[in-house]
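Secondary and tertiary structure notes
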Amino acid sequence: MDQEGIYQSWLDLLGQYHNEIKSIADEHPNGTGSLVLSYIEILQADPDLAQYVIEEPDITIGQGESAIHYYQDPGNETYIRLCIRDLPGTYNRMVHNINDHDVGKLRTSEVIMVKPLEPTVWPIVASFRCKSCGFFQEIEQDKHTWTEPLECPKDQGGCGKRAGQTKFIFDVNKSVREDLQICWVQDPLEDLQQAQQC
């Protein structure tokens, strides 16, 4: 199934949640809300979509959030996150058992939070203004590396100056951001003791 197929599957499934989506948007105007769905409900309605939720969560949940936006009233800017709960136990992992096969997949773990860092907002699309000409450009960011413009693109309406010839000012208000919190976790002590005895 391609991304368009995933999006269409979400549209079909989320139609029954139209009133709930509208209610969440009304409660959080121009803010952030959450639509929480049970994995079991998704599995019963569309087994293929449920499998994509597990195997390709970033793409699948992203398409689900786009489908949620489809059901919002025009002009409503509430960002509604799609949260999935009730994953079957087969997708539960102890922290010390997580391996390469689990990376990028949707998994659950019961953990002890050892050291949480302060929550922060991380840009996923950063907007930069050229100090020389005022041209804005957007650069997609990942969670590991901060990328700034190398030049002001002349072919898109900028002045063509390179990074050494001008400065690029990060504009937090025009950037697309998401909440991010890094936490150090460990397995519960009783689970660690049982694992060591086996």
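Read on for an overview of the structure. The numbers attached to residues start from 1 for each chain and follow its sequence in the written order. Given that this is a predicted model, residues contribute local features only at a pLDDT of at least 70 and side-chain atom pairs are listed and counted only at 80 or more, while totals for whole chains, interfaces and linings are drawn from all residues. Water and hydrogen atoms play no part in the side-chain values, which are based on all heavy atoms of the structure.

This part takes up helix α5 (residues 57-70). The α-helix winds at 3.6 residues per turn, so residues separated by three or four positions along the chain end up facing the same way. A run of H or I in DSSP becomes a helix once it reaches four residues, and a run of E becomes a strand once it reaches two; helices and strands are each numbered from the N terminus. A helix's residues, less one, multiplied by 1.5 Å, set its expected span. With 14 residues, α5 should reach 20 Å at 1.5 Å per residue; the first-to-last C-alpha distance of 20 Å fits that figure. When accessible area is computed with a 1.4 Å probe and restricted to protein chains, residues below 20% of their type maximum are described as buried, those above 50% as exposed, and intermediate ones as partly exposed. Of the residues making up α5, those classed as buried are Pro57, Thr60, Ile61, Gln63, Gly64, Glu65, Ala67 and Ile68. The criterion used for residue contact is that any of the two residues' heavy atoms lie within 4.5 Å. Buried residues in α5 make contact with α1 (3-14), α2 (18-27), β1 (32-38), α4 (47-55) and β2 (79-85).

Okay, the packing of α1 against α4 next. Axis definition: a line fit to C-alpha positions, over the contact stretch in the case of helices; interaxial angles, taken between N-to-C directions, run 0 to 180 degrees. Viewed as axis vectors pointing N to C, α1 and α4 meet at an angle of 120 degrees, and their least axial separation amounts to 10 Å. Relative to α4, the element α1 lies oblique. In terms of crossing hand, the pair formed by α1 and α4 is left-handed. For the pair α1 and α4, the contacting residues are Ile6, Ser9, Trp10 and Leu13 in the first and Leu49, Tyr52 and Val53 in the second. Just so you know the grouping, Ala, Val, Leu, Ile, Met, Phe, Trp, Tyr, Cys and Pro go in nonpolar, Asp, Glu, Lys and Arg go in charged, and all remaining residues, Gly too, go in polar. Broken down by class, the residue content of the contact of α1 with α4 amounts to six nonpolar, one polar and no charged. Any angle that is under 35 degrees is reported as roughly parallel, and any over 145 degrees as roughly antiparallel; angles of 65 to 115 degrees are reported as roughly perpendicular and all others as oblique. Crossing chirality is assigned from the near helix's rotation relative to the far helix, an anticlockwise turn below a right angle marking it left-handed and a clockwise turn marking it right-handed.

So, on to the nonpolar core. Residues Trp10, Leu14, Leu35 and Ile84 are the most contacted members of the largest nonpolar core, which totals 28 residues. Broken down by secondary-structure element, the contributors of at least two residues to this core are α1, α2, β1, α3 (39-45), α4, α5 and β2. Judged by nonpolar contacts, the second largest core, of seven residues, contains Ala126, Cys130, Phe135 and Cys152. Each nonpolar core is a collection of buried residues, namely Ala, Val, Leu, Ile, Met, Phe, Trp, Tyr and Cys, held together in the definition by side-chain atoms within 4.5 Å.

Turning our attention to unusual backbone geometry. If a residue is not glycine, its phi is most likely negative; likewise, a peptide bond is most likely trans. The phi torsion at Asp86 lies on the positive side, around 65 degrees, for a residue other than glycine. Inspection of the secondary structure puts Asp86 in the loop between β2 and β3 (112-116).

Glancing now at the pattern of salt bridges. Any carboxyl oxygen of Asp or Glu that lies within 4 Å of a side-chain nitrogen of Lys or Arg is treated as forming a salt bridge with it. Scanning the model with the defined rule gives seven salt bridges in all. Between Lys22 and Asp26 there is a salt bridge, and its shortest N-O distance comes to 3.3 Å. Highlighted residues: Lys22 and Asp26, both in helix α2, separated by four residues, approximately one helical turn. By relative accessible area, Lys22 is classed as partly exposed at 31%. Residue classification places Asp26 among the partly exposed residues on the basis of a relative accessible area of 46%. Arg85 is paired through a salt bridge with Asp86; the nearest N and O atoms lie 2.2 Å apart. When its relative accessible area of 39% is taken as the criterion, Arg85 is described as partly exposed. The partly exposed category is assigned to Asp86, whose relative accessible area is 38%. Linked by salt bridges that have partners in common, Lys22, Asp26 and Asp73 make up one network.

Time to look at the environment of Phe135. Here Phe135 is to be found in the loop between β4 (120-130) and β5 (136-140). Exposure remark for Phe135: the relative accessible area of 17% places this residue in the buried category. Along the chain, Phe135 and Trp146 lie 11 residues apart, while their C-alpha atoms are 20 Å from each other. Dropping the residues within four chain positions of it, Phe135 is found in contact with Phe128, Arg129, Cys130, Cys152, Pro153, Gln156, Gly157 and Gly158.

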